[in-house]
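# Reading the structure
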Amino acid sequence: MEEEPWPLSSTLGYEFAREEEARAAASDLDRRFTQDELAGLRIYRVRWNGNYLVEAAFSDGTPEARLKDAVALLGESGIPVHPDDLADYKRATDEPTYLPEWLRRFFGG
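Most of strand β1 (residues 11–16) is tucked away, with five of its six residues classed as buried. Where β1 lies against strand β3 (residues 52–58), six bridges are found, and the strand directions are antiparallel. From the neighbouring strand, Leu12 faces β3, where its bridge partner is Ala56. Bridge count for β1 against strand β4 (residues 79–80) is two bridges, and the pairing is antiparallel. Considered in β4, the bridge of Tyr14 is made with Pro80.

With that settled, consider the pattern of salt bridges. A full pass over the atoms with the stated rule returns seven salt bridges. Residues Glu20 and Arg18 are paired through a salt bridge, measuring 3.3 Å at the closest nitrogen-oxygen approach. Its relative accessible area of 51% is what places Glu20 among the exposed residues. Ionic pairing is found between Asp28 and Arg31, a salt bridge with its closest N-O pair at 2.2 Å.

Quick look at the confidence of the model for the protein chain now. The pLDDT averaged across the protein chain works out to 82; a share of 76% of its residues lies at or above 70. Per-element confidence in the protein chain is highest for helix α1 (residues 19–32), whose mean pLDDT is 96, and lowest for helix α4 (residues 101–106), whose mean pLDDT is 60. This model gives residues 1–6 a pLDDT under 50, and the stretch forms five contacts once residues within four places in sequence are excluded.

In space, the four strands of this open sheet follow the order β2-β3-β1-β4, with antiparallel pairing throughout. Each edge of the open sheet is held by one strand with a lone partner, namely β2 (38–45) and β4. Running over the sheet, α1 touches β1, β2 and β3 and is turned about 175° from β2. Against the sheet, helix α2 (residues 64–75) engages β1 and β3, with an angle of about 10° to β1.

Looking now at the packing of aromatic side chains. This model, assessed by the stated rule, comprises one aromatic pair. Ring centres 5.3 Å apart and planes at 70° place the aromatic pair Phe33 and Phe58 in the edge-to-face group. Of this pair, Phe33 sits in the loop between α1 and β2 while Phe58 sits in strand β3; the two residues are 25 residues apart in sequence, bridging distant segments of the chain. Per residue, the accessibility class of Phe33 equals that of Phe58, and both read buried.

Quick notes on the rules
Residues numbered from 1 in each chain as written. Predicted model: local features only at pLDDT ≥ 70, side-chain atom pairs only at ≥ 80, totals over all residues. Heavy atoms only, no water. Buried < 20%, exposed > 50% of the residue type's maximum accessible area, 1.4 Å probe, protein only. Helix = DSSP H or I, 4+ residues; strand = E, 2+ residues; numbered from the N terminus. Pairing = 2+ DSSP bridges. Salt bridge = Lys/Arg side-chain N within 4 Å of Asp/Glu carboxyl O. pLDDT = per-residue confidence, 0-100. Contact = heavy atoms within 4.5 Å. Axes fitted to C-alpha atoms, helices over the stretch in contact; angles between N-to-C directions. Phe/Tyr/Trp six-rings, centres within 6.5 Å; stacked < 30°, edge-to-face > 60°.

Below, the structure written as structure tokens:
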């Protein structure tokens with residue numbers, strides 16, 4: 001069995017090339033885990049590469065074996081995202097979209 005590239009966390013992030021894959025993985029998690037285990041589930045669109053990110057947050061009481069089940073399920077078609085990178089992705093997703101000042105001046109804005 002393959003070792004985790006970093007310590008297992010109660011919040012998992014996995015990147016998917018297509019929206020359908022991300023939605024299918026999120027749907028599988030939602031079906032297989034109880035509300036007590038799965039505290040939050042969200043899909044983000046990663047702006048700079050067009051991929052999709054599934055973030056799954058598990059409650060503190062979720063056994064490690066169940067977290068490993070989630071890792072296996074998400075890893076079937078997704079690529080794991082390091083917890084630090086997950087925070088960066090989320091921060092970038094929340095940033096407002098605006099044109100830089102020089103570009104607004106260029107277009108007369």
